[in-house]
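Architecture and fold: a report
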Amino acid sequence: MDTALFLLAVAYGVAIAKSRTQVTPEPGFNWMHVEQMAGAFGCVLLWLRRSRPVEVACVLMALSVPFEMVSGAMLAALFSVAVHRKPRTTAIVYAASLLPVVGDSLLRPDPAMSAFHYAVFGTIVQGCAVGWGLFVHHRRQLLVRVASEAQLRAEQAQMRAREEVAREMHDVLGHRLSLLTLHAGALEYRPDAPSEDIARAAGVIRESAHQALQELREVLTVLRAPETGERPQPTLGDVHRLVAESCTAGMRVRLLKEIPQAVPDLIGRTAYRVVQEALTNVRKHAPGAPASVHVTGGEGDGLTVEVTNPTPGTRPAGVARGPAGHGLAGLAERVSLAGGRLEYGPTGNGGWGITARLPWP
């Protein structure tokens, strides 16, 4: 673009010079030589149009009044101002550029055109140069805006992906680590327990640690190589296995599931996560308390998942209440993404309950 504008300015100056050579020069001082030097200086000055467009345009406007050969370089400078500066600055420079047009019509009148028509013609030509520059300016602004919006969408998608990974890691590891905490606390509280109980607790700890590592490895594999596909997701049918694991760990869990039809994958996966998080919270915050899991609903009526536990009895020494975390907030977000609603809070008997209502079209 720099080279093209430079060559156009040179071509304009050469055309003016050829039209002047048709007139026999007067003896004495040759003004044409000075004008040619000014035209060459104006063309060279265009190479600064990107860094200092306004300054270059002002200098060329001043030179175009006595030297007509600089007019081509001035048009290129006006175009540069419109491209690289704000429209308000462009309007001011364009208004100032109309003064040389008026001066040129008075100093060098054209016998084939009146001064008024000459001024109108010059205004239109310079307006075309400025209009082209404004088009390029707005085009570039649009591209910058599109790129910024694309970057913002990419950042938002990355943020959603991180949140999804955080929820997945919490759901996968929270359940396993709560089992480890429960049995480790029991072993610490009862070091004199029968060898059979110690062996059974140690086996559960080993199995839970192995499962936690395996599930963590699956999640990391998907993160490192997403093109290999997503890891297998749990369904509502896996709630039986989840309850069985909790019972093996020493919890008392009562499951009542009344679902006559097959549940959609998203609804079943969300229901499984609700039960998983609820049982994990029971182990962390109410160790020793029984839990009741109630899953009901049908197609068209929606799916309701309710997990409750009464007030826990005496908490064994060495098994402390776990600190409150972000599990329920993440669970509420997961249920909301599935189009449902999550309710949780204390029950009438002093216990705690979590109820998720999921749509089932």
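Refer to the structure presented above.
The text that follows walks through the structure, step by step, so that each part is easy to find. Because the structure is a prediction, the values reported are computed rather than measured.

**Comments concerning the overall build of the chain**
From N to C terminus, the chain includes ten helices and five strands. Restricting to contacts in the chain with at least 6 residues of sequence separation, those with at least 24 account for 72%. In the structure as shown, the chain presents an accessible area of about 20,400 Å², 63% of it carried by carbon and sulfur atoms.

**Overview of helix H9 (residues 265–285)**
In a regular helix each residue adds 1.5 Å, so 21 residues correspond to 30 Å; H9 covers 30 Å between its end C-alpha atoms and thus fits that length. Counting buried residues along H9, 17 of its 21 residues qualify, which places the element largely inside the surrounding structure.

**Some details on the sheet that holds strand S3 (residues 302–309)**
The five strands lie next to each other as S1-S2-S3-S5-S4, forming an open sheet whose pairing is mixed. The two strands at the open ends of the sheet, each matched to only one other strand, are strand S1 (253–258) and strand S4 (341–346). Ignoring which end each strand starts from, the neighbouring axes of this sheet average 10° apart. Alignment of S4 against strand S5 (residues 352–358), held across six bridges, turns out to be antiparallel. Residue pairing across strands places Pro346 opposite Trp352, the latter belonging to S5. Across the sheet, H9 touches S1, strand S2 (291–298), S3 and S5, and the angle it forms with S3 is around 5°. Where helix H10 (residues 327–337) meets the sheet, its contacts fall on S4 and S5, and the angle it forms with S4 comes to roughly 150°.

**Quick notes on the pattern of salt bridges**
Under the definition given, this model contains three salt bridges. As a salt-bridge pair, Glu245 and Arg241 come within 3.3 Å of each other at their nearest N and O atoms. With Glu245 and Arg241 both in helix H8 (residues 239–248), this residue pair falls four residues apart, about one helical turn. Judged by relative accessible area, Arg241 falls into the partly exposed class, the value being 37%. Between Glu343 and Arg357 there is a salt bridge; the shortest N-O distance is 3.0 Å. Of the two residues, Glu343 is situated in strand S4 and Arg357 in strand S5; the sequence distance between them amounts to 14 residues. The partly exposed category is assigned to Glu343, whose relative accessible area is 36%.

About the cut-offs
- Residues numbered from 1 in each chain as written.
- Predicted model: local features only at pLDDT ≥ 70, side-chain atom pairs only at ≥ 80, totals over all residues.
- Heavy atoms only, no water.
- Helix = DSSP H or I, 4+ residues; strand = E, 2+ residues; numbered from the N terminus.
- Contact = heavy atoms within 4.5 Å.
- Areas by Shrake-Rupley, 256 points an atom, 1.4 Å probe, with all protein chains shown as cover.
- Expected span 1.5 Å × (residues − 1).
- Buried < 20%, exposed > 50% of the residue type's maximum accessible area, 1.4 Å probe, protein only.
- Pairing = 2+ DSSP bridges.
- Axes fitted to C-alpha atoms, helices over the stretch in contact; angles between N-to-C directions.
- Salt bridge = Lys/Arg side-chain N within 4 Å of Asp/Glu carboxyl O.

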